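Fold and geometry: a report
Next come the chains, spelled out residue by residue.
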There are 6 protein chains.
Amino acid sequence: MVYDTIGASPVAWAGKPYPAVRDAAERDGSVAVVPVGSLEQHGHHLPTATDTILADAVATTAAERAADAMPVLVTPPIWTGHSPHHTPFGGTVSLDGGDLLDLLERVAETVLAEGFDGLLLLNGHGGNGALVSSATSAIGASHRTAEVLGVTYFDLGADRIGEIRDSDRGGAGHAGEVETSMLAHLRPDLVDLDAAEGTPWESPYDRTRDDLSHPGPLSAYADFDAYSETGAVGTPELATAEKGERFFEVFVDEVGDVLERLHERAG
Amino acid sequence: MVYDTIGASPVAWAGKPYPAVRDAAERDGSVAVVPVGSLEQHGHHLPTATDTILADAVATTAAERAADAMPVLVTPPIWTGHSPHHTPFGGTVSLDGGDLLDLLERVAETVLAEGFDGLLLLNGHGGNGALVSSATSAIGASHRTAEVLGVTYFDLGADRIGEIRDSDRGGAGHAGEVETSMLAHLRPDLVDLDAAEGTPWESPYDRTRDDLSHPGPLSAYADFDAYSETGAVGTPELATAEKGERFFEVFVDEVGDVLERLHERAG
Amino acid sequence: MVYDTIGASPVAWAGKPYPAVRDAAERDGSVAVVPVGSLEQHGHHLPTATDTILADAVATTAAERAADAMPVLVTPPIWTGHSPHHTPFGGTVSLDGGDLLDLLERVAETVLAEGFDGLLLLNGHGGNGALVSSATSAIGASHRTAEVLGVTYFDLGADRIGEIRDSDRGGAGHAGEVETSMLAHLRPDLVDLDAAEGTPWESPYDRTRDDLSHPGPLSAYADFDAYSETGAVGTPELATAEKGERFFEVFVDEVGDVLERLHERAG
Amino acid sequence: MVYDTIGASPVAWAGKPYPAVRDAAERDGSVAVVPVGSLEQHGHHLPTATDTILADAVATTAAERAADAMPVLVTPPIWTGHSPHHTPFGGTVSLDGGDLLDLLERVAETVLAEGFDGLLLLNGHGGNGALVSSATSAIGASHRTAEVLGVTYFDLGADRIGEIRDSDRGGAGHAGEVETSMLAHLRPDLVDLDAAEGTPWESPYDRTRDDLSHPGPLSAYADFDAYSETGAVGTPELATAEKGERFFEVFVDEVGDVLERLHERAG
Amino acid sequence: MVYDTIGASPVAWAGKPYPAVRDAAERDGSVAVVPVGSLEQHGHHLPTATDTILADAVATTAAERAADAMPVLVTPPIWTGHSPHHTPFGGTVSLDGGDLLDLLERVAETVLAEGFDGLLLLNGHGGNGALVSSATSAIGASHRTAEVLGVTYFDLGADRIGEIRDSDRGGAGHAGEVETSMLAHLRPDLVDLDAAEGTPWESPYDRTRDDLSHPGPLSAYADFDAYSETGAVGTPELATAEKGERFFEVFVDEVGDVLERLHERAG
Amino acid sequence: MVYDTIGASPVAWAGKPYPAVRDAAERDGSVAVVPVGSLEQHGHHLPTATDTILADAVATTAAERAADAMPVLVTPPIWTGHSPHHTPFGGTVSLDGGDLLDLLERVAETVLAEGFDGLLLLNGHGGNGALVSSATSAIGASHRTAEVLGVTYFDLGADRIGEIRDSDRGGAGHAGEVETSMLAHLRPDLVDLDAAEGTPWESPYDRTRDDLSHPGPLSAYADFDAYSETGAVGTPELATAEKGERFFEVFVDEVGDVLERLHERAG
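Given the structure is predicted, the values throughout are model-derived calculations rather than measurements. (Residues numbered from 1 in each chain as written. Chains lettered and ligands numbered in written order. Predicted model: local features only at pLDDT ≥ 70, side-chain atom pairs only at ≥ 80, totals over all residues. Heavy atoms only, no water.)

1. A word on the interface of chain B and chain C
- Counting from both sides, the interface comprises 52 residues of chain B and, opposite them, 52 residues of chain C.
- Carbon and sulfur atoms make up 64% of the area that chain B and chain C hide from each other, which totals about 3,800 Å².
- Of all residues in chain B, the largest losses of buried area upon contact with chain C belong to Ile 6, Tyr 18 and Trp 79 of chain B, amounting jointly to 20% of the total for that side.
- The tally of links between chain B and chain C comes to 0 salt bridges.
- Here chain B is connected to chain C by 24 residue pairs in polar contact (both at pLDDT 80 or more).
- Elements supplying a minimum of two residues to the side of chain B that touches chain C: helix H1 (18-26), helix H2 (50-66) and helix H3 (97-113) of chain B.
- Top contributing element to the side of chain B that touches chain C by residue count: H3 of chain B, with 6 residues.
- A breakdown of the residues in the side of chain B that touches chain C according to their chemical character gives 25 nonpolar, 18 polar and 9 charged. (Contact = heavy atoms within 4.5 Å. Buried area = accessible area lost by both parts, 1.4 Å probe. Salt bridge = Lys/Arg side-chain N within 4 Å of Asp/Glu carboxyl O. Polar contact = N/O pair within 3.5 Å; in protein donor to acceptor, adjacent residues only side chain to side chain. Helix = DSSP H or I, 4+ residues; strand = E, 2+ residues; numbered from the N terminus. Nonpolar A, V, L, I, M, F, W, Y, C, P; charged D, E, K, R; others polar.)

Below, the structure written as structure tokens:
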């Protein structure tokens, strides 16, 4: 099962001729999903597109499962994320925050002009989180008749993830146990578990995020070479494809709930 | 005690001649705080500058208490927030998100050029939250030798607030129990408790914020006239100046901790 | 008498609940005033917020006196001025010219969207003068049904000021006799007259401004350390609080005339 | 053979961990390729991502064949093209020209910051052509030590294409014989040849482009519903997968030549 | 004598090969002049380029006379001014204020990069006045080793003009006695004195400009069809070519003084 | 015959009073032409304004000849082109690409607001070519009821030029045989044929332009000091005023055809 081929999924906008897109948009309560990822260092064992692949896979799978009950399409993922904190390692393409905000607004503008009633920005990269939230407000304020949502998928379902993972808080960081497991499940061709080596996430501030499942109210800028020598933050050594499948199912399920409610509200 | 007069506080940048600002900036571990608020509808009983007054008061009081132990100054508050969701009521001045992001970046640029080692953007308005977080990343990435933080004060100390408040979840919303109480404590001249009337916060999505102390991972745009007829969301009817003092002390204390740690890290 | 506390004045937009703002805006010939100042060095004896405090005080007092005859509200002052020429001294927060122009346009846009019929940008900082004038044109051209004015208060009433002051041309410069006197009148807590030391304004070009009351047609960029060692340009040594009150009354009176005429035209 | 899966190709930046990207970038004469496509109507028989798929496939295949002789990586394709002229049909996501220009410049900036010596923007969408050329100049002028190229693949090899195609001038337009044939070869799952119906390209100006292989000096804006009822311009009815393979080989070969020379010059 | 042919003057940058420009720029105290005009309605009797022609003629003539004593070149005039207030009449091309500010800054940046020690923006259009002044500050702040000036030529020499003119205050407005006379002197082929018909300038505010020689401190936006039916404001009926020559000589002389002093300061 | 004096031509917008411009704009099928040039090095023998002069002369002459058959006006030339590749020589004023794109869009916006039915951007500088094409698309997309064209004049009539010129491919480059000949014909006062010395255009890529009459599909950035020591690329030594007249007639004729068709389509 390959979720990330351009246009291969039955819910992929990219793979459809325009009449099919137009027809979907015009149906009542129609929803468009825009996955937002990045291209950035993910340690020695994960590919640079990890966040793009995961956001795309979560969005597409959730939409496929919802497609019987609602008109929903997924655009290709935006891979030009905001990652200045990863540039010291190399392998990273990064937009400034304002530029990503602009890009999301412009994309949403033409997506909504197609006639979709609802829009979900589904983000997979921590560095994009606040910008996706900012974009949600900007887009919503400019398109008051549409229903506009934004979310970072790993901010959902923290309790359920906690039941599956083996690591303590700090283990599910950037390229840590959760991301590594999911990519080992979805794209084993791109993962080198033997090279997985990370440093558990210890933040200098106790009110900031220090785990995918433990966000914090305080925003603190730090280049990630302050956290880890390899670039991986957390304990990817604990990752397995089996747990990856379970993590993935949790996130797909959570996003599915969001889609269902979005469809109801947008109708 | 008046915290919000321009320049009256001993930690106010605005009230000092430039040699005093310069000297503070040049001391080891020096910190500048920029309060960020708004000018927007806050129901029938609170003034439009509520968030600006509160952000300014929290920042200034915390800094005054920290001033013996560290060099710290507070700029005047930025009152041009991002509030499109309040414009249906009137009384609101609002910048687009990208414009506020730019403004925060430009202000930070010249603040840091003065020689401060650390910067805290202290926000008091929900609609600014993601933008302040985005700005923190943008500023941090452009000033890698400085320590840059951003926070919305009411995202701190949720447990301690919970012990004081009388309302259930949904009661401490926009112009609700917490904000009303604090303003009744700090600026009774501007509060009309008799006019306090709100609607408890019920969000159409169960993963979004529905209380100052209950943030959620999902961002959903909604004009606030969907939540409340008066513009007040929560139960301002429960507000008292006494509770306001206690709420205020919690937030000042929490921000004080952040300042202390910021000073240590910036040194 | 304290004019500069957020929201304390009966004409302060900041201190009113939104229904009061909305009602004022909807009355015939309603006027909003936006004070524009700066945060920048003002010699060793005046605080960095001098221009913000003065613009705010002139605007608020003039509006209070006019309030019986017309619906008028004053927003909080914009303190993020354009002051690159003061940065060599320190203590200065400065926006680029284009950024300030954008900010003024964006603020005016939402102020006028509230329904005000007239707008006055009341500036107190020389470095903002041309930008406030530029903004007036931009705002006016975009809001052709509104009446839009901009002025730097000390460009008004030059003759009347001349009768009060003791200094010759060049003495009423940046942080000179006039500004120092007024601040000693309005905010004695922030003024250190003993530290007042300035250099009379001598411009290298005889067609440029060399006194608050002597503008010139030629614009010439110069960092202010070329004019003065302390940062004060003029003769602050001559300042007294008594003259300050008289200067202040002249400017309040002049701005009052402008408001009256603006109200008539906007009606 | 699947070229368009994120990260599956041995030359895909997306599929590599960062040390591999960094190492490639640091080798002498290293080259990065950025495919640029669109998401827009392509008649009733081709998917909206046609140009993105083709640009990505040409870039990736050419780079794979060149990879033995030179260090070369391909980023994911940029699919947010400039397509205002296709919006009347629906199914189209489009950036304004200036926004796409900015995006290309920002992406190139961080790609080149990785240490690549050469950059090729490989475009597959007519509407992007001038912007990619403009971006090449902007990027080159800002990165004078790098070698920067831009090209629209179907502007290459016109003579060789002419020997293969069956249509006359005007037949190889937007979603015409050439694009349809190539997609039938590369992604038969996304092509519905039975629905292929187009109108040969007749331009109202005889100096403008009227075929992929017949560019013209004159730029003339026209919405594409002026050219075709289905959105397809040309004769897709003549398309076959066999010709598609031959067309594809020509373009891959031409781009291979460009890469070879770019590597020599960048070394 | 024709001053406005591209490159015909001995001080025209446009007419010289690059080595001559480079050599001039490298001489001590070198000065570049950028005339700034407009293309806008000037009544029924003057051409739309009036302000461009006059700014160019004043700049070029003053520079020609100064050229023996100093290295000075004049660029072609910028004719894309800020004229929203003239658009109701037609015949007008206008940039927004921010766009003109940007253009002036960008032009100045590359002019100064050539090595010129001084720059004069010489403006001929009232609507550009504040923007030219704003640009002077922006350019000066960004190029602190250069000497940067800006001026609107008709703001110079008011007393001397007063001795020549026949009209009262209000007569020398837009397309009034002074502009009409000068154009009748310089370009009689473009002036139709028989069609000269204007309305003396009466401003609704007594603190605003109401004559080329009577500026005022108050900026008030007004479309010019509020002042005049023909578009001409003032008394062009009094214009003669003889007075035009005398007016022109005054302005050339005043600008010559500015150039001389600029050269001294820039050296 | 002088084509480049501001406003002297009967088709010059600049030389007409506004009622004449308005009347032309309102006629059926009215056309406005905006010449776009540059100010940049053109070897030791041609003036820096060469491209501006030529674009203006071609546009104006073609419009004069067409004026009997159609309403057509020509604005003054935009001389602030995109020329980073010429800055190493000096004598060059250059805008960034995005800034020129913005300027062309803004100018077109107000030109079309006058009521013209058609617009032609007539470019004379290679570095502007792609930007003028990009601007054509942007303007057309924003003004769908107008007919919008863009062209670089020397991309027209390549065959006819080939019959006149003496140089081989590579001889008609920047400041080469064609440009030098035309300027010698039009403005002999600005040409120094004795100083004409160039290097035939040899491009490092065989798919890029290497002659005014030989464009190529590949865009490659290069500073022009890589091509020529004097800055002239081609064989200006072969230039004569006689050939210049013939070249000029070809281009005027070609542009005349474009104008005729534009008028028909715009009507």
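2. Considering the packing of aromatic side chains
- For the coordinates displayed, the defined rule picks out 42 aromatic pairs over all chains.
- Arranged with centres 6.1 Å apart and planes meeting at 65°, the rings of Trp 201 of chain E and Phe 224 of chain E form a pair that is edge-to-face. Linking Trp 201 of chain E in the loop between helix H6 (177-186) and strand S5 (219-220) with Phe 224 of chain E in the loop between S5 and helix H7 (241-266), this pair joins segments that are 23 residues apart in sequence. Each member of the pair, Trp 201 of chain E as well as Phe 224 of chain E, is classed as buried.
- Centre to centre, the rings of Trp 201 of chain F and Tyr 227 of chain F are 6.2 Å apart; their planes meet at 50°, and the pair counts as tilted. One end of the pair, Trp 201 of chain F, is in the loop between helix H6 (177-186) and strand S5 (219-220); the other, Tyr 227 of chain F, is in the loop between S5 and helix H7 (241-266), and 26 residues separate them in sequence.
- On the basis of relative accessibility, which here comes to 11%, the residue Trp 201 of chain F falls in the buried class.
- Pairwise contacts between aromatic rings join Tyr 153, Phe 154 and Phe 251 of chain A into one cluster. (Phe/Tyr/Trp six-rings, centres within 6.5 Å; stacked < 30°, edge-to-face > 60°. Buried < 20%, exposed > 50% of the residue type's maximum accessible area, 1.4 Å probe, protein only.)

3. Focus on the interface of chain A and chain D
- Counting from both sides, the interface comprises 52 residues of chain A and, opposite them, 52 residues of chain D.
- With both chains or domains summed, chain A and chain D bury close to 3,800 Å², and 65% of this area falls on carbon and sulfur atoms.
- Of all residues in chain A, Ile 6, Tyr 18 and Trp 79 of chain A give up the largest surface area on contact with chain D, accounting jointly for 20% of the area buried on that side.
- At the boundary of chain A with chain D, the tally comes to 0 salt bridges.
- Here chain A and chain D share 24 residue pairs in polar contact (both at pLDDT 80 or more) between them.
- Of all the elements in the fold, those that place two or more residues in the side of chain A that touches chain D are helix H1 (18-26), helix H2 (50-66) and helix H3 (97-113) of chain A.

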